[in-house]
Amino acid sequence: MKPDLATRTAALEQAAEAGHGRLDPELVGAARAVVGRARERGGLSADHTVAALAGATGSGKSSVLNAVAGAQLAEPGLQRPTTSHALAAVWGDGAEELLDWLDVRRRHEMDPPQAEPSGSRLRRGRVPAGISTGLVLLDLPDHDSVVVEHRVRAERLVERADLLVWVVDPQKYADAALHERYLRPLAGRAEVVVVALNQVDRLTPQDRTAVLADLQRLVAADGLAGARVLAVSARTGEGVDTLRGLLADAARRRQAATTRLAADVKAVAGQVVAACGQAPSARGADRAQGALVDALEDAAGVTTVVAAVRSSARRDAHLATGWPVTRWIAGLRKDPLRRLGLRRDDVRVPVERPDLQHTSLPQARPSVRAATATAVRAYVDEVAGGAPDAWVLTVREKGTRATESLPDALDLAVASTRLEAERRPFWWRAVGVLQWVLLAAAVLGLAWLGVGALLAYFQLPPLLTPDLTLDLTRWGGGTLDVPWPTVLAIGGILAGLLLALVSRGVAAIGARRRAARVRRRLRESVVAVAVEQVRGPVAEELDALATCRAAARTAAA
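Residues numbered from 1 in each chain as written. Predicted model: local features only at pLDDT ≥ 70, side-chain atom pairs only at ≥ 80, totals over all residues. Heavy atoms only, no water.

Moving on: the overall build of the chain. On a plain count of helices and strands, the chain comes out with 17 helices and nine strands. Buried residues in the chain amount to 44% of all 557 residues. Residue pairs in contact within the chain that sit at least 24 positions apart in sequence constitute 76% of those at least 6 positions apart. Summed over all atoms, the accessible surface of the chain reaches about 29400 Å², with 56% contributed by carbon and sulfur. (Helix = DSSP H or I, 4+ residues; strand = E, 2+ residues; numbered from the N terminus. Buried < 20%, exposed > 50% of the residue type's maximum accessible area, 1.4 Å probe, protein only. Contact = heavy atoms within 4.5 Å. Areas by Shrake-Rupley, 256 points an atom, 1.4 Å probe, with all protein chains shown as cover.)

Right under this line is the structure:
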């Protein structure tokens with residue numbers, strides 16, 4: 001079902017709002033003007049049809065008006081321009097507000113036709129039969145007047161008239177200005193356009209046929225195929241009854257206003273649809289987002305942060321599980337995360353204000369910033385493919401603004417991402433306790449051996465030193481007695497070093513896993529920045545484009 005005028009008007013208004021600042025300002029202005037005109041006209045008299053006689057200087061508009069009205073309302077003159085202000089012949093009451101809206105001050109109220117007395121032959125001066133009520137017939141200023149003000153008045157009334165009657169003469173019916181400036185812009189409005197070839201009494205029958213055929217061809221070429229083309233002579237009255245009948249029929253049906261306004265809305269809406277271009281591919285944004293996120297990860301220093309997380313995890317593990325005698329050496333090296341300002345215990349901002357957190361990551365290199373800007377432009381070009389140039393420019397402007405704010409947004413995303421484990425692995429604590437036990441055993445064994453050596457040096461009675469007997473017969477030997485102090489000293493040291501070595505390998509595996517988890521979290525954070533800073537604003541523009549296109553299609557249906 002075709003939408004009615006109210007639906008078309010509302011749809012065109014929505015399209016104009018969505019296209020504001022994006023489409024050609026003249027096109028948006030034309031759409032809003034049509035919407036305003038439709039609503040203004042809808043609030044005025046629906047019982048009257050406004051028909052306008054338009055034409056060039058000398059075409060005989062005033063004479064045609066007098067002939068149709070059957071009264072000498074307009075005074076045709078020889079001096080050009082002949083008509084400076086519009087004149088209205090009004091049939092029926094209640095058209096005052098409508099004429100005020102049209103800004104027509106010269107008005108003639110027409111009396112209804114009177115029945116003639118039986119047998120009377122006195123018809124001169126009486127209003128001809130045919131038009132009873134509901135018609136406002138305008139005689140417009142010349143559209144080719146040398147006075148600019150006259151042309152402006154004529155063009156304004158051409159826009160507001162419900163039915164247009166273009167009066168042309170045999171000499172200027174093919175004038176390029178008439179067709180290019182006035183008739184072609186009315187393409188698609190054939191139902192409310194009548195072309196009257198006046199002064200046909202000056203043509204021979206053969207010339208009349210040729211001129212009418214040529215005029216019909218030109219009118220069809222202007223996009224007005226189906227518009228009525230009449231042969232009229234205001235001097236002899238030829239064709240006047242036909243023209244009067246068309247005007248009377250239009251006034252009686254009261255559809256010309258709606259038809260004209262609907263045609264205006266459809267015409268402008270069609271231009272908006274054409275200006276909106278093709279709809280961009282919905283999959284383009286998903287394809288382009290991957291490359292954009294990769295570039296933003298480089299700009300955010302994700303690789304540096306992940307490497308710092310891995311190194312920090314290995315350092316923390318070494319401090320917790322390494323050999324106590326040498327683990328302090330690792331403590332002398334600054335924590336990589338602390339060097340980047342990403343240690344939780346280094347944050348000095350309120351929890352409720354994460355936006356105040358900043359990292360110590362170095363500013364992005366110019367090459368990286370350029371790559372980021374290039375990625376944003378590539379993303380915009382991909383997702384806006386097929387959109388009109390005006391829309392693409394608007395989207396690119398938003399992309400450029402997003403590029404300027406991306407460094408701070410990415411820094412905040414990195415700073416607010418959880419990089420450390422919520423709690424230390426249990427095995428770190430267990431290995432740490434075991435390391436101290438082994439160290440204590442080694443210290444005890446060394447102290448035992450030292451005391452024994454000291455007693456031997458002073459030739460004092462030795463300490464009781466039990467031995468650990470090792471059965472080596474399985475390997476082809478006998479038995480071996482090793483003093484327990486030696487076992488404690490050497491065993492504690494070797495076991496601690498071996499445990500530290502094994503713990504380092506296990507910690508390296510855990511550090512890689514932790515770095516992988518952090519990388520996934522950081523990518524999620526970067527994706528969120530890409531969506532908020534780039535994809536979101538771009539999607540808003542594309543949504544506005546889709547809204548504009550859909551609404552314009554409804555108006556132009």
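Turning our eyes to something else, we now look at a positive patch on the surface. Residues R310, R314, R333, R504, R512, R513, R517 and R520 make up a contiguous surface patch of positive charge. Secondary structure elements with two or more residues in the positive patch: helix 11 (302–321) and helix 17 (484–556). The element contributing the most residues to the positive patch is helix 17, with five residues. Note that R517 resides in helix 17. (Patch = residues over 30% accessible without salt bridge, like charges linked within 9 Å, V, L, I, M, F, W, Y side chains within 5 Å. Salt bridge = Lys/Arg side-chain N within 4 Å of Asp/Glu carboxyl O. Lys, Arg positive; Asp, Glu negative; His and termini not counted. Charge placed at Lys NZ, Arg CZ, Asp CG, Glu CD.)

Turning to the packing of helix 15 (residues 389–415) against helix 17, a few remarks are in order. For any two helices packed against each other, one specifies the crossing angle of their axes together with the interaxial distance. Running from N to C, helix 15 and helix 17 point in directions that differ by 160°, and their axes come no closer than 9 Å. Between helix 15 and helix 17, the interaxial angle falls into the category roughly antiparallel. Helix 15 and helix 17 meet at a crossing whose hand is right-handed. Looking at side-chain class alone, the contact of helix 15 with helix 17 contains 17 nonpolar, four polar and three charged residues. (Axes fitted to C-alpha atoms, helices over the stretch in contact; angles between N-to-C directions. Parallel < 35°, antiparallel > 145°, perpendicular 65-115°, else oblique. Left-handed = near helix turned anticlockwise from the far one by under 90°. Nonpolar A, V, L, I, M, F, W, Y, C, P; charged D, E, K, R; others polar.)

Here we take up the nonpolar core. Soluble globular proteins tend to pack their nonpolar side chains together in the buried interior. L102, V136, L137, L138, W166 and L247 are the most contacted members of the largest nonpolar core, which has 72 residues in total. When neighbours within four sequence positions are excluded, W166 is seen to be in contact with A54, G55, H143, V158, L178, Y182, L183, L186, V193, V194, V195 and A196. Counting residues in hydrophobic clusters, the runner-up holds 66 residues, among them L12, A18, V380 and V526. (Core = buried A, V, L, I, M, F, W, Y, C linked by side-chain atoms within 4.5 Å.)

Right, let's get into the sheet that holds strand 6 (residues 193–197). Here seven strands make up an open sheet; going across it, the order is 3-2-4-1-5-6-7 and the pairing mixed. Both edges of this open sheet fall to strand 3 (106–110) and strand 7 (228–231), since each of them pairs with a single strand only. Here the strands of the sheet are splayed against their neighbours by 20° on average, with no regard to which way each runs. The pairing of strand 1 (residues 49–55) with strand 4 (residues 135–139) spans five bridges and is parallel. Its bridge partner being in strand 4, T49 is matched across the sheet by L135. (Pairing = 2+ DSSP bridges.)

Our next topic: the environment of L138. Relative to the assigned elements, L138 resides in strand 4. C-alpha separation for the pair L138 and V50, spaced 88 residues apart in sequence, amounts to 7.4 Å. The residues contacting L138, other than those within four sequence positions of it, are V50, A51, A52, L53, L87, A88, L102, V104 and L157.

Here the focus is the state of the cysteines. Under the criterion given, the structure shown has zero disulfides. The cysteine C276 is free of any disulfide, with C548 supplying the nearest cysteine sulfur at 3.5 Å. Taking relative accessible area as the criterion, C276 reaches 0% and is therefore assigned buried. (Disulfide = S-S within 2.5 Å.)

In this section: the pairing of strand 7. Sheet topology note: the strand 6/strand 7 ladder contains four bridges and is parallel. The partner of A196 across the bridge, within strand 7, is L230. Taking the sense of rotation as the criterion, the β-α-β connection linking strand 6, helix 7 (residues 205–224) and strand 7 turns out right-handed. (Right-handed = clockwise from strand over helix to strand, strands pointing away.)

In terms of residue burial, strand 1 counts as a mostly covered element, since seven of its seven residues are buried. Both faces of strand 1 are covered, namely the face carrying T49, A51, L53 and G55 and the face carrying V50, A52 and A54. Of the pairings in the sheet, the one linking strand 1 to strand 5 (residues 163–168) comprises five bridges and is parallel in character. Across the sheet, the residue bridging to A54 is W166, located in strand 5.

On to the packing of helix 11 against helix 17, then. Relative orientation of the contacting elements helix 11 and helix 17 amounts to 150°, with a least axis distance of 8 Å. Taken together, helix 11 and helix 17 sit at an angle that is classed as roughly antiparallel. Note on packing geometry: the crossing formed by helix 11 with helix 17 is right-handed. The residue inventory of the contact of helix 11 with helix 17, partitioned by class, reads 14 nonpolar, four polar and seven charged.

Below, the discussion takes up the side chain of R315. Tracing the sequence through the fold places R315 in helix 11. Exposure remark for R315: the relative accessible area of 14% places this residue in the buried category. Those residues in contact with R315 that sit more than four places away from it in its chain are A330, G331, R333, K334, D335 and P336.

Turning to the environment of L463, a few remarks are in order. Within the secondary structure, L463 sits in the loop between helix 16 (426–457) and strand 8 (467–471). Not counting the four nearest positions on each side in its chain, L463 is found in contact with W448, V451 and L455.

A word on helix 2 (residues 25–42). The end-to-end C-alpha distance of helix 2 is 25 Å, a good match for the 26 Å that 18 residues give at a rise of 1.5 Å each. Listed in full, the buried residues belonging to helix 2 are L27, V28, A31, V34, V35, R37, A38 and R41. The elements touched by buried residues of helix 2 are helix 1 (5–19), strand 1, helix 4 (96–102), helix 5 (148–160) and helix 9 (256–276). (Expected span 1.5 Å × (residues − 1).)

One pass over the full model with this rule turns up three aromatic pairs. Ring centres 5.6 Å apart and planes at 50° place the aromatic pair W166 and Y182 in the tilted group. Within this pair, whereas W166 is found in strand 5, its partner Y182 is found in helix 6 (residues 176–183), the two being separated by 16 residues in sequence. Across the pair, Y182 and W166 agree in class, each one buried. Aromatic side chains Y457 and F458 sit 5.1 Å apart centroid to centroid with 85° between the ring planes, which places their arrangement in the edge-to-face category. Using a relative accessible area of 66% as the deciding quantity, one classes Y457 as exposed. (Phe/Tyr/Trp six-rings, centres within 6.5 Å; stacked < 30°, edge-to-face > 60°.)

What is expected of a backbone is that most residues other than glycine have negative phi and most peptide bonds are trans. Even without a glycine there, the phi angle at Q199 is positive, about 65°. Overall, the relative accessible area of 12% leaves Q199 in the buried class.

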